[in-house]
Amino acid sequence: MGAVPELLGGPGGGQARSAPVLGDRPEPTVFELSSPGRRAWSFRETGVPEWDPEELVPAGHLAPEPPALPEVSERDLVAHVTRLTARNYSVDLGAYPLGSCTMKYNPKVCDVTSALPALARCHPAQPAEQVQGWLGLMAALEDVLCRVTGMAAATLQPAAGAQGELTGLLLMRAWHAARGRPRRRVLIPDSAHGTNPASVTLAGFEVVEVPTDRRGLVDLEALRGLVDEDVAGLMLTNPNTLGLFETDIVEIASLVHGAGGLLYYDGANLNAILGVVRPGDMGFDIVHLNLHKTFAVPHGGGGPGSGPVAVAERLVPFLPGPRPVEGPDGFRWEVPERSIGRIHSWHGNALALVRAYTYLLLTGGDGLRRVADGAVLNARYLRERLRDVLDVPYDEPCMHEFVASAAALRREAGVRALDLAKRFIEEGFHPPTMYFPLIVDEALMIEPTETESPQTVEAMAEALTRVVAEARADGSAAASAPRTTPVGRVDEVQAAKRLRLRWEP
Ligand SMILES: *Cc1c(COP(=O)(O)O)cnc(C)c1O
């Protein structure tokens, strides 16, 4: 809760909202609305006898006191949540150019399919005979993801990108171990997403950083010097986090494979290459995908996500299980021969899978190709529009996103990337990603996504141009932004370290 206030408020979609919905009255917490004995629902007498919890639950497992839950009426609860929603910014409200996060608009039909009782009301422990449709859906989704990535088989268990990374690295470890040659080191470019080194460490490997060259791409010479017989593999994001396509990928792959290592593809944001090129064609052995970024699963507020992992033929026997497999009598669950085991208690965030499958069917093969074209076109257009406004440090054409730098502006006017981002909120947009990747000073990482119209992308360009021009003329306005939102600047360190869950006037 502590870090949330910076996201609260903000008018939507480039159209400044004239007045806050409920004036400036602060919203109380749900605990402050609580009144002893008040209930959202009550049930009629059922005739079913009430059990004493002490008779049902073994001694020692029962909390000494019931939890202190808020006691509110349904009416107060709905009003409270609706008021909070009206103060928040979301993909349904307007553009959300948060680089590396792919905050695109998610079609509503995915809400309909994922709420179908036949899917939503199943229990994951039901016998396979009773849930054939579910197993069929999962097998079909695995198949589509393999076609999109050029891989042989997939697991749908990982519940997030980071968990997909861990799964992929455990597969890498199991594969080397099975060959009797365990290896210790994993190479990662210095532009990588922070979860990459974290996953490598969690999987028991050592991180070795590969530098980025002047093009913004993997430094091939440096890579040559780092690849040896102790390297388990290389983790790569392509397009990388600068939004640039690693054009030396074939050579990179042959270097790593030549030394007996594996190639891991961080496919969290796959929108730039859908239907254009597949990680499998580039030489990758393991791929994770973020269904919650690329394939229409909403992920504001932290989930539920889904990070399937697809692998090349030689890694299939090691996949987590059980997996849905089709036989003469229909689908059954099967654990692969040399499986690394479960990495989720059940079958992943199942309803997120339904959303992604719906989106894939709706979009179709040629539609996916248009997704890629739109994502790249929007990003390139915005980058060209901002070339004279902010520094764009690398010259290669960008893919679905690009990174600009406010370093010069900071030197000249004392205005930081953070200030520009906060001021951008007042223009009616969600801010871009800031201070990532770490190799760009005062970074603003911008991904318009393919779901924004040319008019919206142009409005974003104009808004950023205004914000930067204003900052050059007078840095003070940006320093205190946002002023038109329910919550202005927050002390982010205090917000993270000292949670204050109660509103105090
Ligand atoms: C978002 C992202 C991840 C991590 O995904 P989570 O679902 O947040 O764990 C990994 N790599 C890249 C490039 C990402 O953008």
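Everything that follows concerns the structure shown earlier in this document.
Residues numbered from 1 in each chain as written. Predicted model: local features only at pLDDT ≥ 70, side-chain atom pairs only at ≥ 80, totals over all residues. Heavy atoms only, no water.

1. Re the site of the ligand
Then, in step 1: S100, G161, D266, H292 and K293 are the nearest of the 13 residues found near the ligand.
Then, in step 2: Contact between the ligand and H292: an oxygen atom at 2.7 Å from a side-chain N or O atom of the residue.
Then, in step 3: Taking 380 Å² as the accessible area of the ligand by itself, protein coverage stands at 86%.
Then, in step 4: When residues of the shell around the ligand are traced back to their parent elements, those giving at least two are α6 (161-178) and α11 (291-294).
Then, in step 5: For the shell around the ligand, the element with the highest residue contribution is α6, accounting for three residues.
Then, in step 6: Residues belonging to the shell around the ligand are distributed by class as follows: three nonpolar, seven polar and three charged. (Near = heavy atom within 4 Å. Polar contact = N/O pair within 3.5 Å; in protein donor to acceptor, adjacent residues only side chain to side chain. Areas by Shrake-Rupley, 256 points an atom, 1.4 Å probe, with all protein chains shown as cover. Helix = DSSP H or I, 4+ residues; strand = E, 2+ residues; numbered from the N terminus. Nonpolar A, V, L, I, M, F, W, Y, C, P; charged D, E, K, R; others polar.)

2. As for the packing of aromatic side chains
Then, in step 1: The tally for this structure, following the rule as stated, stands at four aromatic pairs.
Then, in step 2: Taking the centre distance of 4.8 Å and the plane angle of 80° together, the rings of Y265 and F284 count as edge-to-face. One end of the pair, Y265, is in strand β6 (residues 262-267); the other, F284, is in the loop between α10 (279-282) and β7 (286-289), and 19 residues separate them in sequence. Side by side, Y265 and F284 carry an identical accessibility label, which is buried. (Phe/Tyr/Trp six-rings, centres within 6.5 Å; stacked < 30°, edge-to-face > 60°. Buried < 20%, exposed > 50% of the residue type's maximum accessible area, 1.4 Å probe, protein only.)

3. What about the sheet that holds strand β13 (residues 443-446)?
Then, in step 1: Taken together, three strands build an open sheet; the order of strands is β11-β13-β12 and the sheet is antiparallel. The open sheet is flanked by β11 (402-405) and β12 (433-434), the only strands paired with a single partner.
Then, in step 2: Pairing analysis gives two bridges linking β12 to β13, with the strands arranged antiparallel. Residue pairing in the sheet places M434 in a bridge with L444 of β13. (Pairing = 2+ DSSP bridges.)

4. Some words on the sheet that holds strand β5 (residues 231-236)
By definition, the strands of a sheet pair up through backbone hydrogen bonds, in either a parallel or an antiparallel sense.
Then, in step 1: Ordered by their spatial adjacency, seven strands build an open sheet running β2-β8-β7-β6-β5-β3-β4, and the pairing between neighbours is mixed. The sheet is open, and its two edges are formed by β2 (153-155) and β4 (206-210), each paired on a single side. Ignoring strand direction, the axes of neighbouring strands in this sheet form an average angle of 25°.
Then, in step 2: As paired strands, β6 and β7 are joined by four bridges and run parallel to one another. (Axes fitted to C-alpha atoms, helices over the stretch in contact; angles between N-to-C directions.)

5. Things to note about the packing of α6 against helix α7 (residues 195-202)
Then, in step 1: Remark: α6 packs on α7, axes separated minimally by 9 Å, with the N-to-C direction vectors making an angle of 45°. One finds that α6 runs oblique with respect to α7. You can see that α6 and α7 cross each other, and the crossing is right-handed. Facing α6, whose interface residues are A162, E165, L166 and L169, α7 presents T195, N196, S199, V200 and L202.
Then, in step 2: Partitioned by chemical class, the residues of the contact of α6 with α7 number five nonpolar, three polar and one charged. (Parallel < 35°, antiparallel > 145°, perpendicular 65-115°, else oblique. Left-handed = near helix turned anticlockwise from the far one by under 90°. Contact = heavy atoms within 4.5 Å.)

6. As for the nonpolar core
Then, in step 1: Among the nonpolar cores identified, the biggest contains 61 residues, and L223 and F295 are the most heavily contacted of them.
Then, in step 2: Where this core is concerned, the elements lending two or more residues are α5 (132-149), β4, α8 (220-226), β5, α9 (249-258), β6, β7 and α12 (350-386).
Then, in step 3: If one sorts the elements of this core by residue count, α12 sits on top with 11 residues.
Then, in step 4: Setting aside its immediate chain neighbours within four residues, L223 contacts L187, V210, V218, I252 and L255.
Then, in step 5: One finds A379, A404, F424 and A478 within the second-largest nonpolar core, a separate group that totals 27 residues. (Core = buried A, V, L, I, M, F, W, Y, C linked by side-chain atoms within 4.5 Å.)

7. Some remarks on unusual backbone geometry
Then, in step 1: Note that the residue after G321, namely P322, is joined by a cis bond; omega there is 0°.
Then, in step 2: On the secondary structure map, P322 appears in the loop between β8 (309-311) and β9 (323-327).
Then, in step 3: Put simply, F436 and P437 share a cis peptide bond, and its omega is -5°.
Then, in step 4: In this fold, P437 is placed in the loop between β12 and β13.
Then, in step 5: The residue A296 is not glycine, and still its phi comes out positive at about 65°.
Then, in step 6: Take A296: it is sitting in the loop between α11 and β8.
Then, in step 7: Assessed through its relative accessible area of 1%, A296 is described here as buried.
Then, in step 8: Although it is not a glycine, E442 sits at a positive phi angle of roughly 50°.
Then, in step 9: Its location among the elements puts E442 in the loop between β12 and β13.

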